[in-house]
Amino acid sequence: MKLKLPLTPKGKGLQEALMKFGIPETDIAHKAWIAMKRVLASKYNERAYIATKKVGISIDDIRMAVLVQKIIPAEYAFVIHTKNPINNSVDEIYAEVVRGLGETLVGRYAGQALSFVVNKKTLEPKILSIFNKSVGIRTAGGYMFRSDSNTEDLEGFAGAGLFDSFPSEGSETFDLQYETDQILGDASFRDFFMKQIAKIGLCIEKIYEGMPQDIEGCFAQKAFYVVQTRPQVQLRQSNIPPVSYTHLRAHETLRYLVCRLLLEKK
């Protein structure tokens, strides 16, 4: 894949665009461009090819943009569905939580997340599973480069998880020690944490006039951050019992988009 870095005397180049949004100049062109090319190249990965082919989307019709977001050093990452996708109940919120960055929530990492449902009227949570993933993911900071394409958020098809995301500073896995985990060891904090996630879901759903939402966010330094929300994809009825519905990317970023770089492959 050969792409030229768009730095021209007359136009706003990549470096200028990123610096405008506060991304430091040091090594910016090199690291940012490598990360962007990796995201763009993920259009051709096996997962994306098979999934789009099944729904009749030609790979030649996919238009890819790269979304750049500053990473928050998340202690926990979560995904909220304001309509329970397991039983299609509009009266329940379903959520999943992992330690560290959200890649272990959506990627191919063994183990399960902390999953729970919360009754919208009583705000009483019910735990469905305890997290037992053996590793978490962390990064030294920097920026996350992720896909934004015309195959995402389509009715009946959530394509966001098909493409890859990459941090500018790289990432590493670390062994999780659950004996010191605050959610597992502190019942009061656990109850607060689950109810707060439910309140976040209710608040955002209300903003969108009751439309079920698929919400991504994280918890860091005693604060909750909402990364993004999108209309919840309607899941088809199936006789196969569901295991997990956190199929979308859940990278932790600041509250708002830092910048959007439209880098469509011509």
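The paragraphs below set out a description of the structure included in this document. (Residues numbered from 1 in each chain as written. Predicted model: local features only at pLDDT ≥ 70, side-chain atom pairs only at ≥ 80, totals over all residues. Heavy atoms only, no water.)

Concerning the environment of Glu75
Mapping Glu75 onto the fold places it in the loop between β1 (64-70) and β2 (76-81). When the C-alpha positions of Glu75 and Arg138 are compared, they lie 9.1 Å apart, and in sequence the two are 63 residues distant. Residue contacts for Glu75: discarding those within four places in its chain leaves Val98, Arg99, Gly100, Phe219, Ala220, Gln221 and Lys222. At 2.7 Å, the side chain of Glu75 forms a polar contact with the backbone nitrogen of Gln221. (Helix = DSSP H or I, 4+ residues; strand = E, 2+ residues; numbered from the N terminus. Contact = heavy atoms within 4.5 Å. Polar contact = N/O pair within 3.5 Å; in protein donor to acceptor, adjacent residues only side chain to side chain.)

With respect to the pattern of salt bridges
In the structure shown here, the tally under the stated rule is 7 salt bridges. For Glu124, the salt bridge identified is with Lys195, shortest N-O distance 3.8 Å. Highlighted residues: Glu124 in the loop between β4 (114-119) and β5 (125-129) and Lys195 in helix α6 (residues 187-207), separated in sequence by 71 residues. With relative accessibility at 45%, the residue Glu124 sits in the partly exposed group. On the basis of relative accessible area, Lys195 is assigned to the partly exposed category, the value being 23%. Residue Arg138 pairs with Glu172 through a salt bridge whose shortest N-O separation is 2.9 Å. In this pair, Arg138 is assigned in strand β6 (residues 135-139) and Glu172 in strand β9 (residues 171-175), connecting sequence segments 34 residues apart. We classify Glu172 as partly exposed; its relative accessible area is 42%. Within this structure, Glu124, Asp191 and Lys195 form a network of salt bridges that share partners. (Salt bridge = Lys/Arg side-chain N within 4 Å of Asp/Glu carboxyl O. Buried < 20%, exposed > 50% of the residue type's maximum accessible area, 1.4 Å probe, protein only.)

The values are spatial; any link to function lies outside them.
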